[in-house]
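Working through the structure, step by step
Residues per chain, in single letters:
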2 protein chains.
Amino acid sequence: MIAKKMVKYVEGSSVTRAMFEEGKKMAKKFGAENVYDFSLGNPSVEPPKAVSKAIKEVIEEDTPNYVHGYMNNSGYEEVRSAIADSLNKKFGTSFNEKNIIMTVGAAGGLNVILKTLLDPGDEVIAFAPYFGEYNNYVANFDGKMVVVSPNPPTFQPNLKEFEEKITDKTKAVIVNTPNNPTGVVYSEETIKNIADILNKKQKEFGTSIYLIADEPYRELAYDGVDVPYLTKFYDNTIVGYSYSKSLSLPGERIGYLVIPNEVDDFENVINAASIANRILGFVNAPSLIQLAVAKCLDETTDITTYDTNRKLLYNKLTELGMECVKPDGAFYLWVKTLEPDDSAFVAKAKKYNLLLVPGSAFMCPGYVRIAYCVDTDMIKRSFDSFEKLAAEYSN
Amino acid sequence: MIAKKMVKYVEGSSVTRAMFEEGKKMAKKFGAENVYDFSLGNPSVEPPKAVSKAIKEVIEEDTPNYVHGYMNNSGYEEVRSAIADSLNKKFGTSFNEKNIIMTVGAAGGLNVILKTLLDPGDEVIAFAPYFGEYNNYVANFDGKMVVVSPNPPTFQPNLKEFEEKITDKTKAVIVNTPNNPTGVVYSEETIKNIADILNKKQKEFGTSIYLIADEPYRELAYDGVDVPYLTKFYDNTIVGYSYSKSLSLPGERIGYLVIPNEVDDFENVINAASIANRILGFVNAPSLIQLAVAKCLDETTDITTYDTNRKLLYNKLTELGMECVKPDGAFYLWVKTLEPDDSAFVAKAKKYNLLLVPGSAFMCPGYVRIAYCVDTDMIKRSFDSFEKLAAEYSN
């Protein structure tokens, strides 16, 4: 009786659920401390203390009908203005509140901008490996996903193939840097090349191609690596941001879109996006937490734990002879599987109580994603299992 | 460059925005206290004190990663369980946490269930007048809206026409009681008749027709009027609820769906709805506020102010010879316009600084909606303007 489109989702999700249930069973059987769950991108580091302080302040200082009431569908003007100022200070941009739409996380923001832009059949390009939900978001609006093949071992995008795959139906390109699942940060050179290709193709086809920068991991970059701000390189850039990882608030569903004045058809895009926020059923980003994050714009969750985990895991798995991409950002380690079939590898890992996500989930078989946003101690305890797993392939 | 579907929305919304901007200009010109804005369903009564107390308790008592972290896409189990228990106590139902999905308000819930159920071309029936956003929600999934004509003067649904309009493509029926915009509460007799018709038609066509009860105004009922709980009358009922009005939290976007065990294809519907919550970009209802409302399940905003406003306005306008539906619930007064063209009437009202919403916005020309979730004093101050407006038609 459910919609035909939903049937395949239900079937697919029952596989994931089975895995999840098995994880729970394993925890019961072996003890939670003996199961090494690296499957979820759920921040292990606490939000900065400033967040709960800000929430209390908002409740105490503002009137309840302001804090919990309706505001403009795009969000409180004061919040949007504060975010614009903060971005300008960080990146030398010149946004104002009109360029910002508060959204229900980055997932909400992506759906809003795709609803705004896509006619059925329009093409959206993404570089594999990428977050599998993009497929669903694009399908929500009957868009067509066009996948550029993975580019090992650097996993910087394959720009030759990218250029070849742009057509007169290409409406948007989604980039995600720092990247889930690889941890790779796109270099300034990469960004410039993408911009050059897009400008050339826009001219060739007489179209507008929007570059959507999905940036939930922006603040999670290590060793001082620079994460270029994409609006400065290409006019038709729209940024989707989330506080899920930077402030460890994934449950709160709070983020924003930046739609710069320079994008083609700016007035229509900004108005349509605000309306899309409403008619998709978000209505507006949650109110109290909007006001709270506006007080925490200079805060970031403490990433030293992630950095410690990153080094521990990278060094250990490399030592065991596994081919890993050294992550410059995010909290994922991207590892080549020791046999071509990543699902078989994941199944073998599970024998040693290691829960990993197969690369196929990111349109890139032959790899696994290891989420290291976990307790450092768990990582240390898991080494024995990784050793056994590696040993299984060395015989 | 925006999607073709969005063009008409942008055009339509610029009219609304123009009205809104004019309201702001009027406030500047005449003084805010001399402009009578009855256009918005934004609660004027404060949330119960228990809400901010609950928010503080949650922050102080639970760990930050629990309060602000990911949970099951359907919401925290403890919250869903508490809501199920509370419903069972109130309505003698027998739900458990599996029947509850926490949603980003009722708007989020409606989009989730429509995504779950609708194939393109499926028909959804609603009784005019109804909340205009239903049209957009159904269009999001390429469903076809089928409108049953208004039934004055009681505005209980026109059941003869309803029965005639059900086809083998009818997938869902949306009812909203207490009703926006009429304030009418559907009687138990009406609900029973709707159930009988639906059962008969399901049998005739061999289909499942889901009754979607949109219930944000459930707690706003006056004079002890009973608002029947629909799952008890018809097996294929799904309830969408919101705390926006009952706890005056419209900005927080918090509500839930009830999907009873008795609905056809239960397992698939509940699983698909949880997935729809994720892939539409909601991911989950905002976390902190989920935990907070679970502590306020026996609380309701103080509706005495709304009741006072209701009587004041109803008595005054009736006295002026206007034909009003006496509202049993919600916070809207539904008034027949003194000329057939409701937009012309709204324009004349504006001359006296009265901001009203034309019935056409609710698929019912010839009426206006007056939202009385405002300061009681404003209502009193507005009487002079209503008198002048009425006088204009008595000459």
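What you see is a predicted model; the values in this text were computed from it and never measured. (Residues numbered from 1 in each chain as written. Chains lettered and ligands numbered in written order. Predicted model: local features only at pLDDT ≥ 70, side-chain atom pairs only at ≥ 80, totals over all residues. Heavy atoms only, no water.)

Quick notes on helix α12 (residues 342-351) of chain B
Residues and elements named next belong to chain B. We count it as follows: Each residue is assigned to one of three classes by its accessible area relative to the maximum for its type, calculated with a 1.4 Å probe on protein chains only: buried under 20%, partly exposed between the two thresholds, exposed over 50%. Helix numbering and strand numbering both begin at the N terminus, where a helix is a DSSP run of H or I of at least 4 residues and a strand a DSSP run of E of at least 2. Note that the arc is defined by the directions from the helix axis to the C-beta atoms. Any two residues whose heavy atoms approach within 4.5 Å are treated as being in contact.
The set of residues buried in α12 consists of D342, F345, V346 and A349. On an axial view of α12, the arc spanned by its buried residues comes to 100°, and they lie on one face. Residues of α12 that are buried in the fold lie against β11 (354-355), β12 (357-358), β13 (367-371) and α13 (376-394). A positive phi of about 65° marks N353, the residue just after α12.

Looking at empty space enclosed by the protein
This is how it is decided: For cavity detection a 1 Å grid was placed over the protein atoms alone, and a set of points counts as a cavity when a 1.4 Å probe fits there but cannot get out; an open set counts as a pocket when protein lies on both sides within 12 Å along at least five of seven lines, with lining residues being those that have an atom within 4 Å of a point. Grid points are joined across faces, edges and corners, and a volume is the space filled by probe spheres set on the points. In this classification, the charged set is Asp, Glu, Lys and Arg, the nonpolar set is Ala, Val, Leu, Ile, Met, Phe, Trp, Tyr, Cys and Pro, and all remaining amino acids, among them Gly, are polar.
A full pass over the atoms with the stated rule returns six cavities of 30 Å³ or more. The space that makes up the largest cavity amounts to roughly 180 Å³. Lining the largest cavity are 19 residues, with K115, N140 and F141 of chain A together with K5 and N140 of chain B positioned closest to its centre. Taken together, the elements giving at least two residues each to the lining of the largest cavity come down to α1 (4-30) and α6 (133-140) of chain B. Classifying every residue of the lining of the largest cavity by side-chain character gives eleven nonpolar, three polar and five charged. By volume, the second largest cavity is sized at about 100 Å³. As for the second largest cavity, its lining consists of A3, K5, A139 and N140 of chain A together with K115, L118, P120, N140, F141 and D142 of chain B.

Regarding the nonpolar core
Looking at soluble globular proteins, one finds that nonpolar side chains tend to be buried together. Which entries qualify depends on this criterion: Residues belong to one nonpolar core when they are buried, are Ala, Val, Leu, Ile, Met, Phe, Trp, Tyr or Cys, and are joined through side-chain atoms within 4.5 Å.
The biggest cluster of nonpolar side chains holds 122 residues, and the ones touching the most others in it are I55, F162 and Y243 of chain A together with I55, F162 and Y243 of chain B. Sequence-distant contacts of F162 of chain B, defined by excluding residues within four places in its chain, comprise I125, F127, V148, V173, I194, I197 and L198 of chain B.

Topic: the environment of D122 of chain B
Residue and element names in this part refer to chain B. What counts, and what does not: Pairs of N or O atoms within 3.5 Å make up the polar contacts considered here, provided that, within protein, one atom can donate a hydrogen while the other can accept it, and that residues adjacent in sequence are counted only when both atoms are side-chain atoms.
Structurally, D122 can be placed in the loop between α5 (105-117) and β3 (123-127). Given the relative accessible area of 9%, D122 is considered buried. With sequence-adjacent residues up to four places away left out, D122 is seen in contact with L117, G143, K144, K169 and K171. At 2.9 Å, the side chain of D122 forms a polar contact with the backbone nitrogen of D119.

What to know about the pattern of salt bridges
Residues and elements named next belong to chain B. Worth spelling out the cut-off: Just to be clear on terms, a salt bridge is a Lys or Arg side-chain nitrogen sitting within 4 Å of an Asp or Glu carboxyl oxygen.
Inspection of the entire model under this criterion finds 50 salt bridges over all chains. We note a salt bridge from E387 to K316, for which the minimum N-O separation is 2.6 Å. Taken together, the residues span a long stretch of sequence, with E387 in helix α13 and K316 in helix α11 (residues 304-319) at a distance of 71 residues. Classification of K316 as buried rests on a relative accessible area of 11%.

A look at the side chain of R218 of chain A
Residues and elements named next belong to chain A. Within the fold, R218 resides in the loop between β6 (210-214) and β7 (237-242). The exposure class of R218 is buried, given its relative accessible area of 7%. Within the structure, the side chain of R218 is placed 2.9 Å from the backbone oxygen of P228, a separation counted as a polar contact.

Description of the sheet that holds strand β9 (residues 324-325) of chain B
As a reminder of what qualifies: In short, DSSP must find at least two bridges between two strands for them to pair.
One open sheet holds the four strands; their spatial order is β9-β10-β13-β12 (chain B), and the pairing between them is antiparallel. Both edges of this open sheet fall to β9 and β12 of chain B, since each of them pairs with a single strand only.

Let's talk about helix α8 (residues 188-205) of chain A
Residue and element names in this part refer to chain A. As a reminder, the rule being used: The span one expects for a helix is its residue count, reduced by one, times 1.5 Å.
Taking 1.5 Å of rise per residue, 18 residues should cover 26 Å, and α8 covers 26 Å from first to last C-alpha, within 8% of that figure. Of the residues making up α8, those classed as buried are T190, I191, I194, A195, I197, L198, K201 and Q202. Along α8, the residues classed as buried sweep out an arc of 165° about the axis, all on the same side. The exposed set on the far side of α8, more than 90 degrees from its buried face, consists of E189 and K203. Following α8 by one or two positions, G206 adopts a phi angle in the positive range, close to 65°.

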